[in-house]
Amino acid sequence: MSILFEPYAIGKLILKNRFIKSSTAESMAGPDGEVTQDMLDFYEAIARGGAACIFLGHAFVHPLGKASPKMTGLHDDRLIPGLRSLADVIHRHDCFVFAQINHGGSRIQGGCVEPVGPSPVVNPSTGLLARELRSSEIRDIIDAFGQAARRVREAGLDGILIHGAHGYLASLFTSPFTNHRTDEWGGDASKRFRFLDEVYRSIRKAVGNDYPVAIKLGAKDDMPDGLSLEEGAKVAARLAKAGIDAIEISGGILTSAAGAIRSNILSREQEAYFLPYAKAVRPKVGKLPLSLVGGLRSPDLMEEIIMEGWTDFVSLARPFICEADLVNKIRAGRWEPVSCTRDDRCRAGMGREGLRCCCDEEPAVP
Ligand SMILES: Cc1cc2nc3c(=O)[nH]c(=O)nc-3n(C[C@H](O)[C@H](O)[C@H](O)COP(=O)(O)O)c2cc1C
């Protein structure tokens, strides 16, 4: 049997195989961030299709951290029953589910809220200038992360995934490109790590030591004088020391060619584009469970990377939008690359009618 189908643990959870559905913003929530029937249907299909664990699309911890109009919310206890229904439909298929918890910072779309960040810097993903957060606001946000995590646990989901990548608030604090503060929240690498550290501690306090808490980490941001891979790997080491249960390795602030969501992955050479980041992180974190995301398309390459020890899981995002049942197909012997090829289109289409595969549609104007 391929290692892709051998069980492996994250904290107390034994995942039945190595396939994780990586987070994709659903753009399907109700006006106050409620879970909808469309979300239940979308995720049940992926759970039924054989994934071991689903990382939900990012959800806001505080109303002022809502990044886009139809984003899912975790800011209010009234949202717990909807989240519980989501956990229930996923659990029917022997699949785990983590909520990705986030604050949009200055990566805000559709004029949702005021763009904010550690320092008044333009977010390269949106072109929006951040207003510098006051220390008291930073404290409130850290508290909101803890409260959101408590709701996730109460709703019966299996774990938390902190969004620590892609130009949202936590990654703005770690990067010297966007954090120019000279108070206790900025300066050297350890001070720039402080926000993430306190977010992690607030979550841990709210959910307890036995509940899985993972992070999607931007290990390098590719900005001038931004977060280097060396420092990103040290951030991973600090989180491992603090007690994080797993790291999903990503990168980038921009969504451009060098960013987190690269398009036109049509050859093996273009696949696994963050593998060098995993190679930098692995020696710093020992046996901590890692998952690699970014352009993974060929099962034999996924198998090879796991066998070599660079990662324990593979996280796929766009391929699951295209083929909810791709894990069952691979298990049944379909070993050629997954069929997501027009991989720029679901992203462009998602704001309009909610997330769906747009491979067969003409490109939309984002
Ligand atoms: C439509 C869309 C929405 C996304 N939303 C999120 C998100 O909510 N949180 C996140 O961490 N990454 C998000 N991503 C990035 C993916 O999780 C993933 O890192 C990236 O697409 C590369 O993986 P892939 O090549 O398997 O698609 C999104 C990507 C796409 C295409």
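Structural data are supplied above this passage.
As a starting point, this report considers the structure included with it.

1. Focus on the overall build of the protein
For the protein, the helix and strand inventory stands at 11 helices and 13 strands. If you line up the protein on its principal axes, its C-alpha atoms span 55 × 45 × 40 Å. A total of 366 residues make up the protein; the buried ones form 60% of that total. Summarising the internal contacts of the protein: among those between residues at least 6 apart in sequence, 69% fall at separations of at least 24. For the protein, the computed accessible surface area is about 13,800 Å², with 52% contributed by carbon and sulfur atoms.

2. Let's talk about the site of the ligand
Close to the ligand lie 24 residues; Ser23, Gln100, Lys216, Gly295 and Arg318 are nearest. For the ligand, a nitrogen atom lies 2.8 Å from a polar atom in the backbone of Ala25. For the ligand, an oxygen atom lies 2.8 Å from a polar atom in the backbone of Gly295. For the ligand, the protein covers 98% of the area, taking 610 Å² as the surface of the free molecule.

3. Topic: the packing of helix α6 (residues 229-242) against helix α7 (residues 275-285)
Between α6 and α7, whose axes approach to 9 Å, the crossing angle comes to 40 degrees. Between α6 and α7, the crossing angle belongs to the class labelled oblique. Considering the relative orientation of α6 and α7, their crossing is right-handed. Of α7, the residues touching α6 (which contributes Leu229, Ala233, Ala236, Ala237 and Ala240) are Pro276, Tyr277, Ala280, Val281, Lys284 and Val285. Partitioning the contact of α6 with α7 into residue classes produces 10 nonpolar, no polar and 1 charged.

4. A short note on the pairing of strand β4 (residues 53-60)
The buried fraction of β4 is high, at 8 of 8 residues. By the bridge criterion, 2 bridges tie strand β3 (residues 19-21) to β4 in an arrangement that is parallel. Note on β4: the bridge partner recorded for Lys21 is Ile54. Where β4 meets strand β6 (residues 96-102), 6 bridges bridge the pair, whose relative direction is parallel.

5. A word on the nonpolar core
Ile90, Ile101, Leu157, Ile162, Phe195, Ile203 and Ile247 are the most contacted members of the largest nonpolar core, which totals 94 residues. With 8 residues, the top contributor of residues to this core is helix α3 (residues 135-154). If we skip the residues at most four places from it in the chain, Phe195 touches Ile138, Ile141, Ile142, Phe145, Leu169, Ala170, Phe173 and Trp185. If you look at the next biggest cluster of nonpolar residues, it comprises 12 residues, including Leu13, Ala52, Phe55 and Phe98.

6. A few points about helix α1 (residues 37-48)
Along its 12 residues, α1 runs 16 Å from first to last C-alpha, staying within 8% of the 16 Å computed at 1.5 Å per residue. Tucked into the core, α1 has its buried residues touching β3, β4, β5 (72-73), α2 (80-91) and α9 (318-322). Gly50, located one to two residues past α1, shows a positive phi value of around 110 degrees.

7. A closer look at the environment of Leu74
With respect to the helices, strands and loops of the structure, Leu74 is situated in the loop between β5 and α2. Note: C-alpha distance between Leu74 and Gly33 (41 residues apart in sequence) is 7.5 Å.

8. With respect to the state of the cysteines
Considering all chains together, one arrives at 0 disulfides under this definition. No disulfide involves Cys322; its nearest neighbouring cysteine sulfur is the one of Cys357, lying 3.6 Å away.

9. Some points on unusual backbone geometry
For residues that are not glycine, phi is negative in most cases, and the peptide bond is trans in most cases. Backbone geometry places Asp94, a non-glycine residue, at a positive phi of 60 degrees. Along the polypeptide, Asp94 turns up in the loop between α2 and β6. What makes Asp94 exposed here is its relative accessible area of 54%. Notably, Ala272 is not glycine yet its phi reads approximately 50 degrees, a positive angle. In this structure, Ala272 sits in the loop between β11 (246-250) and α7.

10. A look at the side chain of Thr178
Tracing the sequence through the fold places Thr178 in the loop between α4 (169-174) and α5 (189-207). Among the polar contacts made by the side chain of Thr178, one reaches the main-chain carbonyl oxygen of Leu172 at a distance of 2.8 Å. If we skip the residues at most four places from it in the chain, Thr178 touches Pro118, Ser119, Val121, Ser171 and Leu172.

11. Details of the pattern of salt bridges
In total, this model carries 27 salt bridges according to the counting rule given. Measuring nitrogen to oxygen at the nearest pair gives 2.9 Å for the salt bridge that ties Glu198 to Arg194. With Glu198 and Arg194 both in helix α5 and 4 residues apart, the pair spans about one turn of that helix. Under the relative-accessibility criterion, Glu198 is labelled buried at 19%.

Definitions and cut-offs
Residues numbered from 1 in each chain as written. Predicted model: local features only at pLDDT ≥ 70, side-chain atom pairs only at ≥ 80, totals over all residues. Heavy atoms only, no water. Helix = DSSP H or I, 4+ residues; strand = E, 2+ residues; numbered from the N terminus. Buried < 20%, exposed > 50% of the residue type's maximum accessible area, 1.4 Å probe, protein only. Contact = heavy atoms within 4.5 Å. Areas by Shrake-Rupley, 256 points an atom, 1.4 Å probe, with all protein chains shown as cover. Near = heavy atom within 4 Å. Polar contact = N/O pair within 3.5 Å; in protein donor to acceptor, adjacent residues only side chain to side chain. Axes fitted to C-alpha atoms, helices over the stretch in contact; angles between N-to-C directions. Parallel < 35°, antiparallel > 145°, perpendicular 65-115°, else oblique. Left-handed = near helix turned anticlockwise from the far one by under 90°. Nonpolar A, V, L, I, M, F, W, Y, C, P; charged D, E, K, R; others polar. Pairing = 2+ DSSP bridges. Core = buried A, V, L, I, M, F, W, Y, C linked by side-chain atoms within 4.5 Å. Expected span 1.5 Å × (residues − 1). Disulfide = S-S within 2.5 Å. Salt bridge = Lys/Arg side-chain N within 4 Å of Asp/Glu carboxyl O.

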